[in-house]
Amino acid sequence: MVDYHAANNQSSAGGAQTYMGQEDAWDRDLLLDPAWEKQQRKTFTAWCNSHLRKAGTQIENIEEDFRDGLKLMLLLEVISGERLPKPERGKMRVHKINNVNKALDFIASKGVKLVSIGAEEIVDGNAKMTLGMIWTIILRFAIQDISVEETSAKEGLLLWCQRKTAPYKNVNVQNFHISWKDGLAFNALIHRHRPDLIDYDSLRKDDPVTNLNNAFEVAEKYLDIPKMLDAEDIVGTLRPDEKAIMTYVSCFYHAFSGAQKAETAANRICKVLAVNQENEQMMEDYEKLASDLLEWIRRTIPWLENRTQEKTVNDMQAKQEDFRDYRCVHKPPKVQEKCQLEISFNTLQTKLRLSNRPAFMPSEGRMMGDINGAWHTLEGAEKGYEEWILSEIRRLERLEHLAEKFHQKAAIHECWTDGKEAMLTQKDYATSTLSEVKALLRKHEAFESDLAAHQDRVEQIAAIAQELNELDYYDSASVNARCQKICDQWDVLGALTHSRKESLERTEKQLETIDELYLEYAKRAAPFNNWMEGAMEDLQDMFIVHNIEEIQGLITAHEQFKSTLPEANKEREAIQSIQAQVQKIAQSNGIKLSGGNPYTSITPESIDTKWEKAMAMVPLRDTALQDELNKQNSNDSLRAKFATQANAVGAYIQEKMEEVGRISIEMNGTLEDQLTHLKEYQKTIMSYMPEINKLEGFHQHIQEALIFDNQYTSYSMEHLRVGWEQLLTTIARTINEVENQILTRDAKGISQEQLYEYRASFNHFDKDHSGALMAEEFKACLISLGYDVESDKQGDGEFTRIMGIVDPNGTGAVTFQAFIDFMSTETTDTDTADQVIASFKILAADKNYITADELRRELPPDQAEYCIARMAPYTGPDTIPGALDYMSFSTALYGESDL
């Protein structure tokens, strides 16, 4: 399409005033005419899209698509060649109004008076105001600078049309509405400049639709002028819309009115092409490396985010081993690739800047910011995965312990309840003697005591089952079924106990004698028996500890338990003495005892057996606790080893980070000396890698021992890994900065003394040693170098211009590289697109095109083929087969904004 940049940059105050006269004459009420509004909508939409397509976008509905201001700002940037303030990406109304205001302010800055056009109307989708605004933009950027014999824009465009169509019959251009209805004026303009495209003599004045469609289709196909009007709309309207016709005709004016000038030599082309080839190869290498790294990250993150739970500790430890292999084997090469990618990107941008090329914009999603963001996501996923693995191991250990405890208690309870229902349902009291019934009642009271003592165990079983459910134990179904069976049976036992007691109490009045000794034995034996069973449970109970304090607490509790054994033995002997007394009384009174104790099933033999079994468990418990104490002492030693190495590595990394910071500021000697010193310093740092690996070994032992805390150091392995990677990246980045300075010096011809002066001035004003100058520090630095940027009106404008060069993103800070680029630009010359075009024109013998044979004759073979492969066919007048367009090729080398 047509480029308006050159014309816009040459606008004058007089032109602006002429434009204002046209603007004041615009009658907004005409927009209420539906036919005119339809024509303006189509024309203005096509005109906007002819420019927006350069930015890879377009609009469909002119009053809707400009409401948020984003495409409006983009349109102004494309047609003006200037950068507008950064738009706001929010979706709220205030964000849209702010964006539209930025666009309107930019229009006003070009000397345009916006009459009754406000941001609110544009945001509200006011068609009348939106079309008025677009017409204002068209006048300013497409029509204002058209001038023929010092006439105004509109008059100049009309005069140009009259002169170009004067020789043609049936064409009399007097205005921008009626004169164009029959389509002959459009065809005459095309035929005047490109007679090969139009057979003018075959056109008929009485067939306006055919004439208009012919001109519109030829312009769109061969002149790259989009179709902005419908022939039927023009013919069917009494008076076509003047603004739509002017907009369309201005595109023909710009398409035919310019010719490029040129004036240099072929050696400059060789230089430009060589640089471009090298830069393209670097771009391809960057794209491939970035794609490979991002693909690796994309494949790795889902694996790190997988939270599929395992059933056992061993399965989770296998996952932990896989993760350790990833951290030590697979990730380190990718860290190096990321560092190399950043270095390649910075070097490429420096070369492009030095050769006056547009900055390299990687493919979407492959910017360094995208790569850093993906890397940050990867590291976050790593941290979360490692924490999840450790948490799962703890959870599964807890679950296995609880499940074992549940089944142990359940088995004891089930053993105790075995036969209790049959005992409670028998009706033995119906045929018993009075003394036997009394005995049965006492026995039942002892059973109730025993039943109450077992209530705690049932509650413990239920509580453990509940905890297993809450912790998502994989075999919760069988646990729940067993727990439910125990609870249901317990309820049945309670009901049967109550029923049997009532039956026995009905015969209580018949009971006259009580065997006190049996009863006392039963009452004392039952709790003692429960105590022994509880003690055996505790002695067999599993334990999990994580430090010395916890195991010492268990040992202390065990010692306290052992201290109660003498008293318990006294109780056992007292219980046994009751049974002995029974036997003595029976013998002395000649009583024949039938069966055992009627009040309890606990025999002296069972008490002695359980006592002996409990006493045998005590030393086993002593041994288990001592083994765990030894294990915790060993773990503490591992903590100390890791802490000693971690503290040393942490101090080393901190020291080297500070040294790198000082080196990047001081930079003594020549740049080559500094580069050599930095690379030697890098080797020194890399020689410390065995210490890092040693620390990784200690960390592996720590994890294998399931140690989760370390009171001897504040450093974690993750923290030190990040610090080590940051140290390697910082020194590599510092080396890259010096290499870029060497490139700048060699490319711009800056002497070593100038670099010293620049560095000394920069460091002098960098008070906080941050490596960047704030605005006021940078102004003081420029003044010290002889720049007139004092605080007067002119000085502020000059300083603002310089800040726009060295800080295009408006961060408020100036890096040393940006400072050197500015100083070198101020003192050296660079190639331009105009110079390259002039060189090609010399090789082409002053023609507007060049042939492949001429390129092969004048240029080295590889660069000649490079040009032939990239030049588009020439489509201008007087072309020949095989002609190539060297103008658009030269423009593409430097970016369109340089024209």
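Owing to the predicted nature of the structure, the values given are computational and were not obtained by experimental measurement.

**As for the overall build of the protein chain**
So, step 1. A count of helical and extended segments in the protein chain gives 34 helices and four strands.
So, step 2. Within the protein chain, the proportion of its 899 residues that are buried is 46%.
So, step 3. Of the contacts made within the protein chain by residues no fewer than 6 positions apart, 75% connect residues no fewer than 24 positions apart.
So, step 4. Of the roughly 44200 Å² of accessible surface on the protein chain, a fraction of 51% belongs to carbon and sulfur atoms.

**A look at the pattern of salt bridges**
So, step 1. Counting across every chain of the model gives 47 salt bridges.
So, step 2. Here Lys562 ties to Asp622 by a salt bridge, and the two come within 3.4 Å at their closest N and O atoms. Taken together, the positions of Lys562 in helix α21 (residues 548–563) and Asp622 in helix α23 (residues 604–666) put the pair 60 residues apart, joining distant regions of the chain.
So, step 3. Taking the relative accessible area as the measure of exposure, Asp622 reaches 26% and is therefore partly exposed.
So, step 4. Taken together, the shared-partner salt bridges in this structure form one network comprising Arg327, Lys331, Glu382, Glu386, Glu696, Glu718, Arg721 and Glu725.

**Some details on the environment of Lys679**
So, step 1. Within the fold, Lys679 resides in helix α24 (residues 671–686).
So, step 2. Accessibility expressed as a relative area gives 37% for Lys679, which makes it partly exposed.
So, step 3. Taking the C-alpha atoms as reference, Lys679 lies 8.5 Å from Ile731; in sequence the two are 52 residues apart.
So, step 4. Not counting the four nearest positions on each side in its chain, Lys679 is found in contact with Ile735 and Glu739.

**A few points about the UniProt feature "domain: EF-hand" (unreviewed entry) in the protein chain**
So, step 1. Residues given the UniProt feature "domain: EF-hand" (unreviewed entry) here are residues 753–788 and 794–829.
So, step 2. Between the end C-alpha atoms of residues 753–788 there is a gap of 22 Å, over a span that is 64% helix and 8% strand.

**Description of the nonpolar core**
In globular proteins that are soluble, nonpolar side chains generally tend to be buried together.
So, step 1. Judged by nonpolar contacts, the single largest core of 77 residues is most densely connected at Trp47, Ile137, Trp180 and Phe186.
So, step 2. Top contributing element to this core by residue count: helix α8 (residues 127–143), with 11 residues.
So, step 3. In this structure Ile137 touches Trp47, Leu72, Leu76, Ile79, Ile107 and Ala142, once residues within four positions along its chain are discounted.
So, step 4. One finds Ile702, Trp724, Val738 and Phe816 within the second-largest nonpolar core, a separate group that totals 49 residues.

**Observations concerning unusual backbone geometry**
So, step 1. In this model, Ala845 sits at a positive phi of 60°, which is unusual for a non-glycine residue.
So, step 2. Within the secondary structure, Ala845 is located in the loop between α31 (833–843) and α32 (852–858).
So, step 3. The class for Ala845 is exposed, based on a relative accessible area of 56%.
So, step 4. Although it is not a glycine, Asp846 sits at a positive phi angle of roughly 70°.
So, step 5. Turning to its location among the elements, Asp846 is positioned in the loop between α31 and α32.

**Some details on the packing of helix α27 (residues 752–765) against helix α28 (residues 775–784)**
So, step 1. Direction vectors running N to C along α27 and α28 enclose 140°, while the axes themselves pass 9 Å from each other. Compared by their axis directions, α27 and α28 come out oblique. Relative to α28, the crossing made by α27 is right-handed. Side by side, α27 and α28 meet where Ser761, Phe762 and Phe765 of the first sit next to Glu777, Ala780, Cys781 and Ser784 of the second.
So, step 2. Looking at the contact of α27 with α28 residue by residue, the class counts come to four nonpolar, two polar and one charged.

**Notes on the packing of helix α3 (residues 34–52) against helix α13 (residues 242–256)**
So, step 1. Axis separation between α3 and α13 bottoms out at 9 Å; the angle between their running directions is 25°. Judged by the inter-axis angle, α3 sits roughly parallel to α13. Seen along the crossing, α3 lies across α13 with a hand that is left-handed. Along the contact surface, α3 presents Gln39, Gln40, Thr43, Phe44 and Trp47, while α13 presents Lys243, Ala244, Thr247, Tyr248 and Cys251.
So, step 2. Here the residues of the contact of α3 with α13 sort into five nonpolar, four polar and one charged.

**A word on the packing of aromatic side chains**
So, step 1. One pass over the full model with this rule turns up 26 aromatic pairs.
So, step 2. Aromatic pair Trp160 and Tyr253: ring centres 5.1 Å apart, planes at 80°, arrangement edge-to-face. Of this pair, Trp160 sits in helix α9 (residues 153–165) while Tyr253 sits in helix α13; the two residues are 93 residues apart in sequence, bridging distant segments of the chain. Here the two residues Trp160 and Tyr253 agree in accessibility, since each one is buried.
So, step 3. Centre to centre, the rings of Trp180 and Phe186 are 4.8 Å apart; their planes meet at 55°, and the pair counts as tilted. Here the two residues Trp180 and Phe186 agree in accessibility, since each one is buried.

Rules used throughout
- Residues numbered from 1 in each chain as written.
- Predicted model: local features only at pLDDT ≥ 70, side-chain atom pairs only at ≥ 80, totals over all residues.
- Heavy atoms only, no water.
- Helix = DSSP H or I, 4+ residues; strand = E, 2+ residues; numbered from the N terminus.
- Buried < 20%, exposed > 50% of the residue type's maximum accessible area, 1.4 Å probe, protein only.
- Contact = heavy atoms within 4.5 Å.
- Areas by Shrake-Rupley, 256 points an atom, 1.4 Å probe, with all protein chains shown as cover.
- Salt bridge = Lys/Arg side-chain N within 4 Å of Asp/Glu carboxyl O.
- UniProt positions renumbered as here; feature names shortened; annotations may be inferred.
- Core = buried A, V, L, I, M, F, W, Y, C linked by side-chain atoms within 4.5 Å.
- Axes fitted to C-alpha atoms, helices over the stretch in contact; angles between N-to-C directions.
- Parallel < 35°, antiparallel > 145°, perpendicular 65-115°, else oblique.
- Left-handed = near helix turned anticlockwise from the far one by under 90°.
- Nonpolar A, V, L, I, M, F, W, Y, C, P; charged D, E, K, R; others polar.
- Phe/Tyr/Trp six-rings, centres within 6.5 Å; stacked < 30°, edge-to-face > 60°.

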